[in-house]
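Residue-level structural notes
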Amino acid sequence: FPFFGVGLVRFENGICGENNTLEGTCYTRRQCSQANGVGTSSCASGIGVCCVIQRTCGETSTLNNTYFVSPGFPNAYTDSSLCSFTIQKCNSGICQVRIDFLALSLAQPDDNGTCTTDALLITGGASVIPVICGDKSGQHIYLDFNGNTSITITISTSAGTSGAWNIKVAQIACNCPNRAPSGCLQYYTELSATVTSCNFGTSGSQTGTRQIANQNYGVCVAMAPGYCGIQWAQSAGLYTFTVSNNTYTDLGTGAIATSTASLIGSNCTTDFVVIPGAIYANGTLVNSDRFCGNGFPTVISYSKPFVLTVVTNANEVNDTGNRGFSLTYTQIRCSGALLG
């Protein structure tokens, strides 16, 4: 074709480039135009264009790597409305979606921990997703398709509040090695990472965000080859594990983030995290898999698969000042493993 000017060139529609942290998909310019995308750079040796696909309220996408953004993003959205985005399978070989909250800022839950002012609801998938509000920027969730049923993200906002969102939706093939196990709302593959509860704030003080009620989900960690255990530890800071009881009281007594404020077992009946087969760092058996209170002891588990379960009950009224948790995990090598 270099001589006749006519030919057929094919290339992979893979992930490409970045533009203001937005990844695109490599399409022909015509495909990008038909998808109402924006070409940000060239790809496939200049044959294709890196196409960023964005959708907003009332729209649908069957394309992988699509961004669901609030009207006028990154400017604040202040209208009272229901804004819905529908996800349809790219093809019959798709089984799952990964939803990344690159930016999600909605009104905080009320004193009961309930999302009454703003809320994000995900429906149509194979499992129930807890209602979300507040700040979930930087977090992600996985959700299996329920057959060929579409998945819908609906965000309810109230007049006078200021919200904004930029949500990336990636579709995952049934045979993809990075597919999350069913039942895992979150899935981590790194040797070490930090896991935070929904709406856990990152500010220095414990005011401003609070734990959300009615949460029940699993956080899974992919066991790396040559690693047999996992250590869970409270992240640095006073307020990185405030799950139950009165945070203000423990702060005033100096007990917060200490063993005194850490509770286990039968003391944890309302809000808690579950770590199966937990032992303390010194090798002593914990004799429980439930942890709550205003402090978290470093524990190790050799139970497989690696799962941490998060549970909160229907109200947060008596759990004054709780923000949730930030825990850091580190995978532990198998005894005698030879790794580079």
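What counts as what
Residues numbered from 1 in each chain as written. Predicted model: local features only at pLDDT ≥ 70, side-chain atom pairs only at ≥ 80, totals over all residues. Heavy atoms only, no water. Phe/Tyr/Trp six-rings, centres within 6.5 Å; stacked < 30°, edge-to-face > 60°. Helix = DSSP H or I, 4+ residues; strand = E, 2+ residues; numbered from the N terminus. Buried < 20%, exposed > 50% of the residue type's maximum accessible area, 1.4 Å probe, protein only. Lys NZ or Arg CZ within 6 Å of the ring centre and 35° of its normal. Disulfide = S-S within 2.5 Å. Core = buried A, V, L, I, M, F, W, Y, C linked by side-chain atoms within 4.5 Å. Contact = heavy atoms within 4.5 Å. Salt bridge = Lys/Arg side-chain N within 4 Å of Asp/Glu carboxyl O. 1 Å grid on protein atoms, 1.4 Å probe; cavity = no way out; pocket = protein on both sides within 12 Å on 5 of 7 lines; lining within 4 Å. Points joined across faces, edges and corners; volume = space filled by probe spheres on them. Nonpolar A, V, L, I, M, F, W, Y, C, P; charged D, E, K, R; others polar.

As recorded in an unreviewed UniProt entry, the protein goes by the name CUB domain-containing protein, listed as coming from Molorchus minor.

1. Examining the packing of aromatic side chains
Tallied over the entire structure, the rule returns eight aromatic pairs. With centroids separated by 5.8 Å and ring planes inclined at 85°, the aromatic side chains of Tyr 77 and Trp 165 adopt a geometry described as edge-to-face. One end of the pair, Tyr 77, is in the loop between β6 (66-69) and β7 (81-87); the other, Trp 165, is in strand β12 (residues 164-173), and 88 residues separate them in sequence. Classification of Tyr 77 by relative accessible area gives buried; the value is 10%. Centroid distance Phe 241 to Phe 296: 5.2 Å. Interplanar angle 45°. Geometry classified as tilted. Note that Phe 241 is positioned in strand β17 (residues 241-242) and Phe 296 in the loop between β21 (290-293) and β22 (299-301), a separation of 55 residues in sequence. For the pair shown, Phe 241 and Phe 296 are each scored as buried. Connected via pairs of aromatic rings, a cluster forms that spans Phe 68, Tyr 77, Phe 85 and Trp 165. Just above the ring of Phe 200 sits the side chain of Arg 323; from NZ or CZ to the centre is 4.5 Å.

2. Examining the state of the cysteines
The final tally for this structure, using the stated rule, is nine disulfides. At a sulfur-sulfur separation of 1.8 Å, the disulfide partner of Cys 228 is Cys 334. A torsion of 90° about the S-S bond marks the disulfide between Cys 228 and Cys 334 as right-handed. Here Cys 334 lies in the segment after β24 (324-333) and Cys 228 lies in strand β16 (residues 227-234), a separation of 106 residues in the sequence. Looking at Cys 90, it has no disulfide partner, and the nearest cysteine sulfur is the one in Cys 174, 12 Å off. Overall, the relative accessible area of 32% leaves Cys 90 in the partly exposed class. Unpaired in terms of disulfides, Cys 176 finds its nearest cysteine sulfur in Cys 174, a separation of 10 Å. Accessibility expressed as a relative area gives 27% for Cys 176, which makes it partly exposed.

3. What about the nonpolar core?
Leu 120, Ile 153 and Trp 232 are the most contacted members of the largest nonpolar core, which totals 53 residues. In terms of residues, this core owes the most to one element, strand β8 (residues 94-105), which gives five residues. Setting aside residues no more than four positions away along its own chain, Trp 232 makes contact with Val 195, Val 221, Ile 275, Phe 296, Pro 297, Thr 298, Val 299, Leu 308, Leu 327, Thr 328 and Tyr 329. In terms of nonpolar packing, the next biggest core, distinct from the first, is built from seven residues, Tyr 142, Ala 180, Cys 184 and Tyr 187 among them.

4. A look at the pattern of salt bridges
Enumeration over the complete set of coordinates arrives at two salt bridges. With a closest N to O distance of 2.5 Å, Glu 23 and Lys 168 form a salt bridge. Of this pair, Glu 23 sits in strand β2 (residues 22-27) while Lys 168 sits in strand β12, and the two are 145 residues apart along the sequence. Given a relative accessible area of 22%, Glu 23 falls into the partly exposed group. Lys 168 gets classed as buried once you look at its relative accessible area, which sits at 13%. Two residues, Asp 100 and Arg 98, come together in a salt bridge whose shortest N-O distance is 2.7 Å. Overall, Asp 100 belongs to the buried group, its relative accessible area being 15%. Looking at Arg 98, the relative accessible area reads 24%, which means it is partly exposed.

5. Side note on empty space enclosed by the protein
Scanning all chains against the criterion turns up three cavities of 30 Å³ or more. Here the largest cavity defines a volume of roughly 80 Å³. If you trace the largest cavity, you find 13 residues lining it, with Ser 197, Gln 211, Gln 215, Val 310 and Thr 312 closest to the centre. Counting only elements with at least two residues in the lining of the largest cavity, the list comes to β19 (272-274) and β23 (306-311). Of the residues in the lining of the largest cavity, the class split is nine nonpolar, four polar and no charged.

6. A short note on the layout of surface pockets
By volume, the largest pocket is sized at about 260 Å³. Along its surface, the largest pocket is lined by 13 residues, and Asn 13, Thr 25, Asn 64, Cys 90 and Gln 171 are the ones closest to its centre. Elements with a minimum of two residues in the lining of the largest pocket: β2 and β12.

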